[in-house]
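# What the coordinates show
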Amino acid sequence: MKQEILDRIKELGGNIDEVKNISLKEDLLSISFNTVLYPRPVDTPWVDGEEVEPIHGIEEFIDYNKELFLSNKEEFYKKLGDNFFHITEESYGQMFWTVKLFTPYTEGTSDFKEWNEYFINDVNLGEIHKIEDDSKHEFIQIFYSYGFPDYYYICLSDSNPENPTLFATDHEYFFDEVTNQENLEDFLKKFMTKEEVVEIVKKRIEKQ
């Protein structure tokens, strides 16, 4: 993968120490996260209370920790980062890095046994075939979210392994509806780092 992608993954809290530049598959499987990912809000500067907060629950956190903010801002911002940037199942609008193989066309795998008949008869891979013409794809799941769509995949046969295309589908229309989510590098730019979130909060509450 491009070094810019690896650098961005590291900025977002990912561990890239085991990346050996062997293959797209091996590189992705070697990356881990001990935090979640938050998409950057679109057209919502959050400068007053009527606008959408950048992370669900952050306004409540600020209100609950007003005394800490007044007494120790440094500790307040550390607590804010620690509160939202860790693996949690509580829904704040986050996404999860979930790298794992998905092989519905590969004989001998558990995915083949469970999914092959469905993938032969019921899926619609038109969006994928606009870019990749391999009819028996192996996929790797990259992200999971609580929103729609909730599963994000890369084709391991992607013709541009340095910056592969990301595709999304939802569990209710699993691979029957597939959307092109652009390349991985651009997609990663849509997430906020912990430092970016802290700066957003600073602009919101220290302006007062």
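Fair warning: this is a prediction, and the values are worked out from it, not measured in the lab.

## Some points on unusual backbone geometry
Here the amide bond leading from Phe148 into Pro149 is cis, since omega sits at -5 degrees, within 30 degrees of zero. As for its position among the elements, Pro149 is in the loop between strand S5 (139-145) and strand S6 (151-155). Its identity is not glycine, yet Phe175 carries a phi of approximately 60 degrees, on the positive side. Its location among the elements puts Phe175 in the loop between strand S7 (165-169) and strand S8 (179-183).

## Quick look at the environment of Ile140
Locating Ile140 in the fold gives a position in strand S5. Considered as a pair, Ile140 and Lys10 are 130 residues apart in the sequence and their alpha carbons are 20 Å apart. Ignoring any residue separated from it by four or fewer positions in sequence, one finds Ile140 in contact with Lys25, Leu28, Leu29, Lys100, Leu101, Phe102, Tyr152, Tyr153, Ile154 and Leu156.

## A few points about the side chain of Asp170
Relative to the helices and strands, Asp170 is located in the loop between S7 and S8. Despite its burial, Asp170 remains without a salt bridge, the nearest opposite charge being carried by Lys100 at 14 Å. Among the polar contacts listed, one links the side chain of Asp170 to the backbone nitrogen of Asp150, at a separation of 3.4 Å.

## Observations regarding the sheet that holds S6
What links the strands of a sheet is backbone hydrogen bonding, and the strands pair in either a parallel or an antiparallel sense. With respect to topology, five strands assemble into an open sheet ordered S4-S5-S6-S7-S8, the strand pairing being antiparallel. Across the chains shown, the open sheet's two edge strands, defined by having one partner strand only, are strand S4 (95-102) and S8. Geometrically, the sheet is characterised by an average inter-axis angle of 30 degrees between neighbouring strands, direction not taken into account. Strand direction decides the pairing type here: S6 and S7, joined by four bridges, are antiparallel. The residue bridging Ile154 from the neighbouring strand is Leu166, located in S7.

## Quick look at the packing of helix H5 (residues 73-84) against helix H9 (residues 194-205)
At a closest axis distance of 10 Å, the pairing of H5 and H9 adopts a crossing angle of 130 degrees. Classed by the angle they form, the pair H5 and H9 counts as oblique. Note that H5 runs across H9; the crossing there is right-handed. Contacts between H5 and H9 pair Phe76, Tyr77, Leu80, Gly81 and Asp82 from the former with Lys194, Val197, Val198, Val201, Lys202 and Ile205 from the latter. Partitioned by chemical class, the residues of the contact of H5 with H9 number seven nonpolar, one polar and three charged.

Rules used throughout
Residues numbered from 1 in each chain as written. Predicted model: local features only at pLDDT ≥ 70, side-chain atom pairs only at ≥ 80, totals over all residues. Heavy atoms only, no water. Helix = DSSP H or I, 4+ residues; strand = E, 2+ residues; numbered from the N terminus. Contact = heavy atoms within 4.5 Å. Buried < 20%, exposed > 50% of the residue type's maximum accessible area, 1.4 Å probe, protein only. Lys, Arg positive; Asp, Glu negative; His and termini not counted. Salt bridge = Lys/Arg side-chain N within 4 Å of Asp/Glu carboxyl O. Polar contact = N/O pair within 3.5 Å; in protein donor to acceptor, adjacent residues only side chain to side chain. Pairing = 2+ DSSP bridges. Axes fitted to C-alpha atoms, helices over the stretch in contact; angles between N-to-C directions. Parallel < 35°, antiparallel > 145°, perpendicular 65-115°, else oblique. Left-handed = near helix turned anticlockwise from the far one by under 90°. Nonpolar A, V, L, I, M, F, W, Y, C, P; charged D, E, K, R; others polar.

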